[in-house]
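Overview (structure and organization)
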Amino acid sequence: MLDCMKHVVPRFWPPIAGVLAATIGLAVGELVGSLADAAGPVVVVGDGVVDRVPPGIKTWAIQTFGNNDKNALILGVVAITLVYAALVGRAAARRFLNGVFGVVMFAGVGVAAALSGRSPSAKDTLGIVSAFAATIGALWILIGRLDPDRELSESDDATTTKASTVVGRRQFLAMGGGATAAAATSFGLSRVLQDDVVAATAKPIPESVRRLPVTNVAAADSALKRPPFFSPNDDFYRIDTALVVPRVDASTWSLKIVGRVERELTISYEDIRSGKFGPLIEHDCTLMCVSNEVGGDLVGNARWTGVRLRDILNKAGVRDGATQVFVTSVDGFTAGFPTEVALDGREALLAIGMNGQPLPARHGFPARLVVPGIYGYVSAVKWISEIKLTTFEDDAGYWIPRGWAAIAPIKTASRIDVVGSGGRIGGNLVQGRVPIAGVAWAQHVGIAKVEVQIDDQPWRVAILGDDGGIDTWRQWTLMWDATPGPHQVRVRATDATGFTQREERVAVAPDGAEGWHTVRVRVADA
């Protein structure tokens with residue numbers, strides 16, 4: 001009789017067990033991926049999603065989540081995985097082989113993504129296979145011995161018929177706690193291993209760099225609370241297709257120059273630092289994402305350190321007919337731009353430094369391209385692995401088949417960052433003398449004038465900040481005698497060629513947004 005009086009498993013335990021099993025499986029997969037220098041299962045599946053969703057959804061994600069677009073996608077992939085895992089747990093509680101089949105199906109999706117992505121790699125399947133094995137093992141420990149023929153109860157104090165099906169509350173909680181601890185430990189170790197790769201191989205910028213002078217233009221205006229001239233590395237926007245930042249070992253990394261060249265080259269990290277392929281120089285340059293909306297913050301300015309791209313290409317010898325510089329990242333992302341852009345005298349760099357420091361991992365360590373005058377989606381490749389001299393007919397960058405323009409010069413633009421000394425836009429202001437300030441850019445041309453209009457009053461010319469060069473943004477300021485009531489403030493810029501921004505709004509696709517940035521404010525009585 002005693003053998004028959006056993007606790008029945010509560011109905012909610014199997015789904016929780018499935019979620020715990022999947023959690024530990026994903027964590028083990030991430031750890032194995034880190035140890036094997038490969039992608040983890042979440043990244044593999046997430047990359048497959050990124051590569052297959054319509055371009056409009058990706059643009060929407062960037063505009064909605066900005067720098068957090070990747071975190072949003074990762075959370076989405078994890079959430080869907082855990083919901084699926086809950087269903088697998090329920091199935092496994094009734095018949096364990098059903099749960100195994102469910103895990104096999106999901107692992108198959110991951111393997112297919114690893115072998116069919118933009119950078120197919122059999123090594124990336126290691127994390128998925130490890131996650132599969134760990135998930136099955138965890139499922140067996142948590143619910144594998146449950147009776148497949150019983151009806152699940154809402155309580156845990158009814159009876160069942162087999163001693164082998166006993167799972168007490170304390171036992172289940174202990175197993176769940178152990179699974180959670182194991183998952184957290186595995187995931188934490190994977191992050192430490194990845195971070196150590198960059199920390200161990202990044203080296204200080206050499207003293208031999210041809211440095212730019214330190215100028216007053218770099219000083220932040222603390223009173224206005226607007227963005228400083230140089231964007232701090234930690235605050236610099238990041239938009240790319242890598243769900244997790246690639247952790248590249250600089251001691252084994254190399255860049256290949258191939259295609260329509262007289263001689264193929266292989267360049268190491270030390271080759272760049274030593275000046276073997278050209279002197280290291282500094283250059284100030286503003287970068288912006290083509291998905292940056294009018295008035296958006298997907299733009300930043302930095303002092304970059306690197307070798308001129310034209311010095312490298314001249315050593316390789318560009319052959320006639322090579323109309324495109326086609327660049328590939330270690331994660332398989334590709335982009336291309338006209339060869340003449342690399343050779344026309346602008347300071348296009350193979351960069352290894354940012355604001356006086358080695359490139360942060362999230363911004364392309366150990367090396368990336370910085371090309372003035374064209375949007376990043378066709379040029380600013382991070383974690384660079386190959387440069388191929390080719391044609392636009394033979395090769396197309398990642399975004400081109402997805403409907404974006406192949407030739408993408410950066411458009412003249414301006415932005416309002418501050419209305420009032422508090423640095424807020426749209427809040428209540430007190431009548432009196434109020435500063436209006438922001439930035440404007442006309443990449444590789446330069447800003448000649450910025451104008452501000454209050455309501456329907458005549459346009460007023462703003463005071464420009466110090467000129468940091470034609471490849472950087474320009475700070476501007478206008479003092480306004482604010483009167484009580486609601487007001488509309490808008491801005492437009494004129495570049496050095498005499499071109500003035502158009503008023504009409506143009507969407508970001510296919511080659512960048514246009515239009516006057518406009519904000520609305522309310523001024524209160526003094």
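Residues numbered from 1 in each chain as written. Predicted model: local features only at pLDDT ≥ 70, side-chain atom pairs only at ≥ 80, totals over all residues. Heavy atoms only, no water.

**Looking at the sheet that holds strand β2 (residues 265-268)**
- Pairing in this open sheet of five strands is mixed, and the strands run β2-β1-β10-β5-β6 from one edge to the other. Looking at which strands have only one partner, the edges of the open sheet turn out to be β2 and β6 (334-338). Each strand of the sheet is rotated relative to its neighbour by a mean of 20°, with strand direction disregarded.
- Here strand β5 (residues 324-329) pairs with strand β10 (residues 384-390) via six bridges, running antiparallel. Looking at the pairing, Ser-329 lines up with Ile-384 of β10.
- Running at roughly 140° to β2, helix α9 (residues 309-316) makes contact with β1 (254-259), β2, β5, β6 and β10 of the sheet. (Pairing = 2+ DSSP bridges. Helix = DSSP H or I, 4+ residues; strand = E, 2+ residues; numbered from the N terminus. Axes fitted to C-alpha atoms, helices over the stretch in contact; angles between N-to-C directions. Contact = heavy atoms within 4.5 Å.)

**Points about the sheet that holds strand β16 (residues 463-464)**
- On the basis of which strands lie adjacent, the open sheet formed by four strands has the order β11-β13-β17-β16 and antiparallel pairing. In this open sheet, the two edge strands, each paired with only one partner strand, are β11 (413-419) and β16.

**Some points on the packing of aromatic side chains**
- Tallying each qualifying case throughout the model produces 11 aromatic pairs.
- Between Tyr-269 and Phe-365, the ring centres sit 5.7 Å apart and the planes meet at 70°, which makes this aromatic pair edge-to-face. Taken together, the positions of Tyr-269 in helix α8 (residues 269-274) and Phe-365 in the loop between β8 (357-358) and β9 (368-370) put the pair 96 residues apart, joining distant regions of the chain.
- The class for Tyr-269 is buried, based on a relative accessible area of 3%.
- Geometrically, the ring pair formed by Trp-399 and Trp-404 is edge-to-face, given 6.4 Å between the ring centres and 75° between the ring planes.
- Relative accessible area serves as the criterion here: at 12%, Trp-399 is assigned to the buried category.
- Counting every residue linked through ring pairs, the aromatic cluster contains Phe-333, Tyr-377, Tyr-398, Trp-399 and Trp-404.
- Arg-402 extends its terminal NZ or CZ atom over the ring of Tyr-398, reaching a point 3.8 Å from the ring centre.
- The ring centre of Trp-459 lies 4.0 Å from the NZ or CZ of Arg-492, which sits over that ring. (Phe/Tyr/Trp six-rings, centres within 6.5 Å; stacked < 30°, edge-to-face > 60°. Buried < 20%, exposed > 50% of the residue type's maximum accessible area, 1.4 Å probe, protein only. Lys NZ or Arg CZ within 6 Å of the ring centre and 35° of its normal.)

**Notes on empty space enclosed by the protein**
- In this structure the tally under the stated criterion is four cavities of 30 Å³ or more.
- In terms of lining residues, the largest cavity is bounded by 32 residues, among which Ile-239, Asp-240, Gly-376, Tyr-377 and Ala-380 are the most central.
- Residue assignment for the lining of the largest cavity shows that the elements contributing at least two residues are α3 (55-65) and β3 (280-288).
- Quantified by volume, the second largest cavity comes out at close to 290 Å³. (1 Å grid on protein atoms, 1.4 Å probe; cavity = no way out; pocket = protein on both sides within 12 Å on 5 of 7 lines; lining within 4 Å. Points joined across faces, edges and corners; volume = space filled by probe spheres on them.)

**Concerning helix α6 (residues 125-143)**
- Here α6 is 19 residues long and its end C-alpha atoms lie 27 Å apart, about the 27 Å a rise of 1.5 Å per residue gives.
- When α6 is considered as a whole, its buried residues turn out to be Thr-125, Gly-127, Ile-128, Ser-130, Ala-131, Ala-134, Thr-135, Ile-136, Ala-138, Leu-139, Leu-142 and Ile-143. (Expected span 1.5 Å × (residues − 1).)

**Examining the pattern of salt bridges**
- For the coordinates displayed, the defined rule picks out 20 salt bridges.
- Here Asp-284 ties to Arg-303 by a salt bridge, and the two come within 2.7 Å at their closest N and O atoms. Remark: Arg-303 occurs in strand β4 (residues 299-308) and Asp-284 occurs in strand β3; sequence separation between them is 19 residues. Arg-303 carries the same exposure label as Asp-284, and that label is buried.
- For Arg-308, the salt bridge goes to Glu-347, with nearest N and O atoms at 2.8 Å. Note that Arg-308 is positioned in strand β4 and Glu-347 in the loop between α10 (339-343) and β7 (349-354), a separation of 39 residues in sequence.
- Among the residues examined, Arg-308 registers a relative accessible area of 15% and is labelled buried.
- You can call Glu-347 buried: its relative accessible area is 19%. (Salt bridge = Lys/Arg side-chain N within 4 Å of Asp/Glu carboxyl O.)

**Some thoughts on the side chain of His-487**
- Inspection of the secondary structure puts His-487 in strand β18 (residues 485-495).
- Residue class for His-487 comes out buried when judged on its relative accessible area of 9%.
- For His-487, the side chain forms a polar contact with the side chain of Asp-455, separated by 2.7 Å. (Polar contact = N/O pair within 3.5 Å; in protein donor to acceptor, adjacent residues only side chain to side chain.)

**Remarks on the pairing of β5**
- Among the six residues that make up β5, six are buried, leaving the element largely enclosed by the rest of the structure.
- The two faces of β5 match: Gln-324, Phe-326 and Thr-328 on one face and Val-325, Val-327 and Ser-329 on the other face are all buried.
- By the bridge criterion, five bridges tie β5 to β6 in an arrangement that is antiparallel. Within the sheet, the bridge partner assigned to Gln-324 lies in β6 and is Pro-338.

**Here's the deal with the pairing of β6**
- Where burial is concerned, most of β6 is hidden: five out of the five residues are buried.
- The hairpin formed by β5 and β6 contains four residues between the paired strands, and Gly-332 there has a positive phi angle of roughly 95°.

**Some points on the environment of Asp-344**
- Considering the arrangement of structural elements, one finds Asp-344 in the loop between α10 and β7.
- Take Asp-344: its relative accessible area is 43%, and that puts it in the partly exposed class.
- When the C-alpha atoms of Asp-344 and Arg-310 are compared, they prove to be 8.5 Å apart, with 34 residues separating the residues in sequence.
- In terms of polar contacts, Asp-344 uses its side chain to reach the side chain of Arg-346, at 2.7 Å.

**As for the packing of helix α1 (residues 13-35) against α6**
- Where α1 contacts α6, the two axes come as close as 7 Å, and the packing angle between them is 150°. Taken together, the axes of α1 and α6 lie roughly antiparallel to each other. In the packing of α1 onto α6, the handedness of the crossing is right-handed.
- In terms of residue class, the contact of α1 with α6 is built from 16 nonpolar, seven polar and no charged. (Parallel < 35°, antiparallel > 145°, perpendicular 65-115°, else oblique. Left-handed = near helix turned anticlockwise from the far one by under 90°. Nonpolar A, V, L, I, M, F, W, Y, C, P; charged D, E, K, R; others polar.)

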